[in-house]
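The lines below spell out each chain.
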Amino acid sequence: MTTDGFVPAGTEIGFVGLGIMGEPMARNLLRAGYSLKVHNRSRPALDRLVSEGATAAHSPAEVADGADVAITMLPDSPDVEAVVTGDDGIAASLTGGSVLIDMSTISPVMTRRLAASLAARDITMLDAPVSGGQQGAIDGALSIMVGGDKFVFEACRPIFEHLGKSITLVGESGAGQVTKACNQAIVAGTIQIVAEALTLASRSGVDPATVREALLGGFASSKILEVHGKRILDRQFDPGFKVRLHEKDLKIALETAADARVPLFTTALLKQLLTCLVAQGHGERDHSALALLTEELAGAAA
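So, here is what we can say about the structure in this document.

### Points about the overall build of the protein
Piece 1. Counting its regular elements, the protein contains 13 helices and 9 strands.
Piece 2. In terms of overall size, the protein behaves like a compact globule, its C-alpha atoms giving a radius of gyration of 20 Å where 302 residues would be expected to give roughly 19 Å.
Piece 3. Across its three principal directions, the C-alpha atoms of the protein cover 65 × 45 × 35 Å.
Piece 4. Buried positions account for 51% of the 302 residues belonging to the protein.
Piece 5. When the accessible surface of the protein is totalled, it reaches about 13400 Å², and 55% of it is carbon and sulfur.
Piece 6. Averaging the coordinates of the 26 positive side-chain charges in the protein and doing the same for the 35 negative ones gives two points 4 Å apart.

Next up, the structure:
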């Protein structure tokens, strides 16, 4: 990586984690001209990217070998810790002056611990979780919330610009993850209130689609009413973002709040609603499936 705030196409990037978000993100970097080495536990996404010009790696360590920048996009804190510091982990191969960008949503405590461990070896870590769902990842239109060193952030900005439209350095290490916890609380709360409003309309004998259309023209309008409201009306619960991952994210938000001694009453309730959905077997569905639980409680399950 250069040190003048510009990461040229052709820079060696390693990418670990090719799920519904990671695969399109990696593809956008490949299309931007970066030299990309990829690793994933399952083969299909890996094979698709290799067919498009990426190089397959057999381990996280191999992904990071020779990389200027390594990127992780993984489900949870233990996954990131194992991929970074475990046997055949990224840390075994990254060299001094390189950068790890973790775009997963994990604990700020874990983030800061990993960042400190890597800094002792002259490796900089940026935490850069994202919002925008699968479609945002496909479109390169994610919102990216970054914590870490400002100079390194500016050097990596060209990478971020191929992945997102809103790119914000929030603060020091861990600040990106704190911001994502705030984001996930707001998103879950808004999905739930949209689900309640549409269920109320339906049970009151008013067409919920027409109610949504009316609300989109007023102060209640939101991206979630637009996108997730339509998902609810269309009964389209294939995941853009999975219930079980949002449940995990709210667990992180509550743990972060406990450390900061901040009461999150609504977030705690939302976490329990998501836990109910997981227990009912809906963990792999889109988080707009909160509507299913609301409807069930109202005696109007579809």
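### Regarding helix α2 (residues 43–51)
Piece 1. For α2, the complete set of buried residues consists of Ala45, Leu46 and Leu49. Within α2, the buried residues cover an arc of 100° as seen down the axis, which keeps them to one side.
Piece 2. Turning to α2, the residues buried within the fold contact α1 (22–31), β2 (35–39) and β3 (55–56).
Piece 3. Gly53 sits one or two residues past α2 and shows a positive phi near 120°.

### Here's the deal with unusual backbone geometry
Piece 1. One non-glycine residue, Asp88, lies in the positive phi region at around 60°.
Piece 2. Within the secondary structure layout, Asp88 lies in the loop between α4 (77–85) and β5 (99–102).
Piece 3. In this model, Asp122 sits at a positive phi of 65°, which is unusual for a non-glycine residue.
Piece 4. Examined against the element boundaries, Asp122 turns out to sit in the loop between α5 (108–119) and β6 (124–127).

### Points about α4
Piece 1. Listed as buried for α4 are Ser77, Val80, Val83 and Val84. Angular distribution of buried residues about the axis of α4 spans 135°; they occupy a single face of the element.
Piece 2. Looking at the packing, one finds that the buried side of α4 touches β1 (12–16), α3 (60–64), β4 (69–72), β5 and α5.

### Regarding the environment of Gly136
Piece 1. Tracing the sequence through the fold places Gly136 in helix α6 (residues 133–139).
Piece 2. Put simply, Gly136 and Ala257 are 121 residues apart on the chain and 28 Å apart in space, counted from C-alpha to C-alpha.
Piece 3. Not counting the four nearest positions on each side in its chain, Gly136 is found in contact with Ala141, Leu142 and Leu163.

### Quick word on the pattern of salt bridges
Piece 1. Counted according to the given criterion, the structure contains 14 salt bridges.
Piece 2. Put simply, Arg43 and Asp47 hold a salt bridge, and the shortest N to O gap is 2.6 Å. On the criterion of helical spacing, the pair formed by Arg43 and Asp47 is a turn pair, its members being 4 residues apart in helix α2.
Piece 3. A residue is classified by how much of its surface remains accessible, and Asp47, at 36% relative accessible area, is partly exposed.
Piece 4. Among the ionic pairs, Glu81 bridges to Arg113, the shortest N-O distance being 3.7 Å. On the criterion of sequence distance, the pair formed by Glu81 in helix α4 and Arg113 in helix α5 is long-range, its members being 32 residues apart.
Piece 5. In this structure Glu81 comes out as partly exposed when scored by relative accessible area, which is 31%.

What counts and what doesn't
Sequence order sets the numbering: in each chain, residues are counted from 1 along the sequence as written. A pLDDT threshold of at least 70 governs which residues receive local features in this predicted model, and a stricter bar of 80 or more applies before side-chain atom pairs are shown or counted, although totals over entire chains, interfaces and linings include all residues. Hydrogens are left out, water is left out, and the side-chain values use all remaining heavy atoms of the structure. Helix and strand definitions follow DSSP, with helices as H or I runs of at least four residues and strands as E runs of at least two, each counted in order from the N terminus. Just to be clear, the radius of gyration here is over C-alpha atoms, and the globule rule we use is 2.2 Å times residues to the power 0.38. For every residue, the accessible area obtained with a 1.4 Å probe (protein chains only) is divided by the maximum for its type, and the residue is called buried under 20%, exposed over 50%, and partly exposed between those limits. Surface accessibility in these figures is a Shrake-Rupley result with a 1.4 Å probe; residues are shielded only by whichever protein chains are displayed. In this tally, Lys and Arg are treated as positive and Asp and Glu as negative; His is ignored, and so are the chain termini. Each charge is placed at NZ for Lys, CZ for Arg, CG for Asp and CD for Glu. Of all possible arcs, the one meant is that of the directions from the helix axis to the C-beta atoms. Only heavy atoms enter the contact rule, under which two residues are in contact if any of them lie within 4.5 Å. A pairing counts as a salt bridge when a side-chain nitrogen of Lys or Arg comes within 4 Å of a carboxyl oxygen of Asp or Glu.

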